[in-house]
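What follows is the residue order along each chain.
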Amino acid sequence: MNNTNNNNNRIDVVDLSNPSMPVLMASIAVAPFGGLINSVAGNGTIAAGIESMDKVSDGKVVIFNTADHTVIKK
């Protein structure tokens with residue numbers, strides 16, 4: 001599962017295989033790509049909609065690899 005953590009401007013990757021004991025697997029910093037995260041989705045990859053820093057310019061979508069969290073495309 002992926003969860004946005006806009007307090008720290010990151011995507012938290014959480015293992016929910018045991019829902020009563022979630023485990024933080026990794027955090028992906030998104031500050032290098034712009035502002036806060038608007039949305040996140042995952043199914044083989046992690047896609048994050050990220051705002052522009054100035055709020056009036058276009059934001060971007062960044063696609064991350066689920067295995068190592070590297071950027072596939074932005």
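Residues numbered from 1 in each chain as written. Predicted model: local features only at pLDDT ≥ 70, side-chain atom pairs only at ≥ 80, totals over all residues. Heavy atoms only, no water.

### Topic: unusual backbone geometry
The line we're drawing: The cut-offs for exposure are 20% and 50% of the maximum accessible area for each residue type, with area from a 1.4 Å probe on protein chains only; residues under the lower value are buried, those over the upper are exposed, and the others partly exposed.
The backbone of His69 sits at a positive phi, close to 65°, despite the residue not being glycine. A relative accessible area of 22% places His69 in the partly exposed class.

### Things to note about the sheet that holds strand β4 (residues 37-42)
The criterion, for reference: At least two DSSP bridges between two strands are needed for those strands to be called paired. Secondary structure is summarised from DSSP: a helix means a run of H or I of at least four residues, a strand means a run of E of at least two, and numbering begins at the N terminus for each. Whenever a helix is involved, its axis is fitted only over the stretch in contact; in every case the axis is a line through C-alpha atoms, and angles between N-to-C directions fall within 0 to 180 degrees.
Strand order in the open sheet made by the four strands is β4-β5-β6-β7, with antiparallel pairing throughout. If you trace the sheet from one side to the other, it starts and ends with β4 and β7 (71-73), each paired once. Within this sheet the neighbouring strands show an average axis-to-axis angle of 30°, counted without direction. Of the strand pairs in this sheet, strand β6 (residues 60-65) and β7 are connected by two bridges, and their pairing is antiparallel. Within β7, the residue paired with Ile63 across the bridge is Lys73.

### So, the side chain of Asn9
The criterion, for reference: The contact rule is simple, with two residues in contact once any of their heavy atoms fall within 4.5 Å.
With respect to the helices and strands, the residue Asn9 is situated in the loop between β1 (2-5) and β2 (10-15). Given a relative accessible area of 15%, Asn9 falls into the buried group. When near neighbours in sequence (up to four residues on either side) are disregarded, Asn9 contacts Ile28, Ala29, Val30, Ala31, Gly34, Gly35, Leu36 and Ile37.

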